[in-house]
Amino acid sequence: YGFPSSSLYCFVLLCTMVHVKVYSYANNNRVWKAQIAGKYTGVDVELVETIPQTPDTLCEEFKKKSPLCKVPAADTPEGSLFESNAIARYVARYKPGTGIYPADNYRASVIDSWVDFAYNEIDQSVLPLFMQLMGFAPRNQAMIDESKKRFARAAQGLEDYLLTRTFLVGERLTLADICVACAMWFPFTKMFGPNTRALYPNLIRYFETMVNQPQFKAVTGEMVYAEADAVVPDAKKEKKPKEKKPKESKPKEKILTAAERETEEEEKEAKKPKSELDLLPPSKFVMDAWKRLYSNEKDTASIMPKLWEMYDPEGYSMYFCEYKWSDELEGPVFRVANLVGGWFQRLDPLRKYGFGSVMIFDRPEKKFSVSGCWIFRGKGIPKEMSGCDDSELYSWKEVDINNAEQRKLFEDYLCWEGDFPGAGTFNQGKIFK
């Protein structure tokens, strides 16, 4: 046909290559299993980013692929598939000669044992902890303890098994290794720090061997370990419903004069517990005056000199904040906005003593970062902020007002424009006042 021999080979290869579309959200380690397997077997696995739950019409259409309208699901030349292990096995079976899923019935069943182990013993053990870390479930210490206990049991089982082995089945990498390594990805990169990982040297050696294979890196990118064990913020204490008591006959209320009512109100006000910040000496910086100035001026940059003129470093503090787990902030953006908005709603006790500007930034791969600046009454972060569970999700750094770069960055956060190194592209901001 006029093709050089090498070109003809490539043409035939392209014509015979199987193409599989997998529907899921991005950075799903359950989808990675099929994508990595495809790198070994020559199957082209395309990710189609999908959240089928919304709108309802899309969900109804998606049920043709997955009966419960869940991801991942896949389209193959023969028809649709659902469940991540089924999709991974389909891709791995395509080319038995690669060895990652052999035709031999017994060896394939041994591999299946580890594929099921990855899901039942690793994925399911860390799921409760992962859901609470991401804020998708309320904090539950009993579930956290059980989740860590189950993971430790699975990790120790692998640690013992891998003492004299490089791979899980035989002397070469198989689908078993792909599934176990993918299941370990988020525990080791998001949940468990160096102290926990040090308990499993054989498992860590094995994990690093897997994730540094070029077929893995082509899908997952570079692996970065968690710097410390992740901590789930304390849950808000729920108010117990008041017990209904039988109604008692009340004595008739005494009719008070205007003067008596005023005295009674003053006594009630005096009995109310005061914030420690109310006991501080008077300051030249009046928070309400600054809030009015900021709210009423459209050109925010024009009032920055006035801020430093008004500011009292003896009576107030300035801080930067940054969300600790930005790599876990994935779209849609309204979820991130709700994260910040919910935080602000729980900061009512701070309104008299604080002012903040928090910004949401777009980052590559549909991820986000959140950071901002705050002014607090008094020295340090007040209890009205530190007592809010959400504050533990952020790292805090006091602003050195004598440092020109930090002053400029503080102004940029207030103006929602400027240079924010490493943060990303500005998406939206929220003001606490």
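Residues numbered from 1 in each chain as written. Predicted model: local features only at pLDDT ≥ 70, side-chain atom pairs only at ≥ 80, totals over all residues. Heavy atoms only, no water.

Chemist: Would you mind going over the pattern of salt bridges with me for this structure?
Modeler: When their charged atoms lie close together, side chains carrying opposite charge are able to pair. Summed over the entire model, instances satisfying the criterion amount to eleven salt bridges. Between Arg-346 and Asp-390 there is a salt bridge whose closest N-O contact spans 2.9 Å. Taken together, the residues span a long stretch of sequence, with Arg-346 in the loop between helix 14 (333-345) and strand 6 (354-363) and Asp-390 in the loop between helix 15 (383-386) and strand 8 (394-398) at a distance of 44 residues. A relative accessible area of 37% means that Arg-346 is categorised as partly exposed. Judged by its relative accessible area of 9%, Asp-390 falls in the buried class. Salt bridges here are not isolated pairs; linked through shared partners, they connect Arg-89, Asp-112 and Asp-116. (Salt bridge = Lys/Arg side-chain N within 4 Å of Asp/Glu carboxyl O. Helix = DSSP H or I, 4+ residues; strand = E, 2+ residues; numbered from the N terminus. Buried < 20%, exposed > 50% of the residue type's maximum accessible area, 1.4 Å probe, protein only.)

Chemist: Honestly, helix 2 (residues 29-41) in this entry has me stumped. Any pointers?
Modeler: An α-helix turns once per 3.6 residues; consequently, residues spaced three or four apart project the same way. Between its first and last C-alpha atoms helix 2 spans 19 Å; for 13 residues at 1.5 Å apiece the expected length is 18 Å, and the two agree. The buried fraction of helix 2 is high, at ten of 13 residues. Considered for burial, the residues of helix 2 that qualify are Asn-29, Val-31, Trp-32, Lys-33, Ala-34, Gln-35, Ile-36, Ala-37, Gly-38 and Thr-41. Considering only its buried residues, helix 2 is in contact with strand 1 (19-24), strand 2 (44-49), helix 4 (84-93), helix 5 (105-133), helix 7 (175-191) and helix 10 (214-220). The distance from a side-chain oxygen at the start of helix 2 to the backbone nitrogen of Arg-30 is 2.9 Å, and the residue carrying that oxygen is Asn-28. (Expected span 1.5 Å × (residues − 1). Contact = heavy atoms within 4.5 Å. Polar contact = N/O pair within 3.5 Å; in protein donor to acceptor, adjacent residues only side chain to side chain.)

Chemist: What is the right way to read the packing of helix 7 against helix 9 (residues 201-211) from this model?
Modeler: How two helices sit against one another is set out by the angle between their axes and by the gap between those axes. Interhelical geometry of helix 7 versus helix 9 gives an angle of 110 degrees and a closest axis separation of 10 Å. Classified by the angle between their axes, helix 7 and helix 9 sit roughly perpendicular to one another. For the pair formed by helix 7 and helix 9, the contact residues are Ala-176, Asp-177, Val-180, Ala-181, Met-184, Trp-185 and Phe-188 on the first element and Leu-203, Ile-204, Tyr-206, Phe-207, Met-210 and Val-211 on the second. A class-by-class count of the residues in the contact of helix 7 with helix 9 yields twelve nonpolar, no polar and one charged. (Axes fitted to C-alpha atoms, helices over the stretch in contact; angles between N-to-C directions. Parallel < 35°, antiparallel > 145°, perpendicular 65-115°, else oblique. Nonpolar A, V, L, I, M, F, W, Y, C, P; charged D, E, K, R; others polar.)

Chemist: When you look at empty space enclosed by the protein in this model, what are you seeing that I'm missing?
Modeler: Unfilled space is identified by rolling a water-sized probe across the atoms. Applying the stated criterion across every chain yields a total of one cavity of 30 Å³ or more. Of the pockets and cavities examined, the largest cavity occupies roughly 50 Å³. Among the secondary structure elements, those contributing two or more residues to the lining of the largest cavity are helix 2, helix 5 and helix 7. Residues that form the lining of the largest cavity fall into these classes: five nonpolar, one polar and three charged. (1 Å grid on protein atoms, 1.4 Å probe; cavity = no way out; pocket = protein on both sides within 12 Å on 5 of 7 lines; lining within 4 Å. Points joined across faces, edges and corners; volume = space filled by probe spheres on them.)

Chemist: Would you mind showing me how to read the sheet that holds strand 4 (residues 79-82) here?
Modeler: Sheets are built from strands paired through backbone hydrogen bonds, the pairs being either parallel or antiparallel. Taken in spatial order, the four strands make up an open sheet running 2-1-3-4, and their pairing is mixed. In this open sheet, the two strands that pair with only one neighbour each are strand 2 and strand 4. Within the sheet, the average angular offset between the axes of one strand and its neighbour, ignoring direction, is 25 degrees. Summarising the sheet, strand 1 and strand 2 pair through six bridges and their orientation is parallel. Note that in strand 2 the partner of Lys-21 across the bridge is Glu-46. Of the strands in this sheet, strand 1 and strand 2 touch helix 2, which is tilted by about 150 degrees from strand 2. Sitting on the sheet, helix 4 touches strand 1, strand 2, strand 3 (73-76) and strand 4, and the angle it makes with strand 4 is about 130 degrees. (Pairing = 2+ DSSP bridges.)

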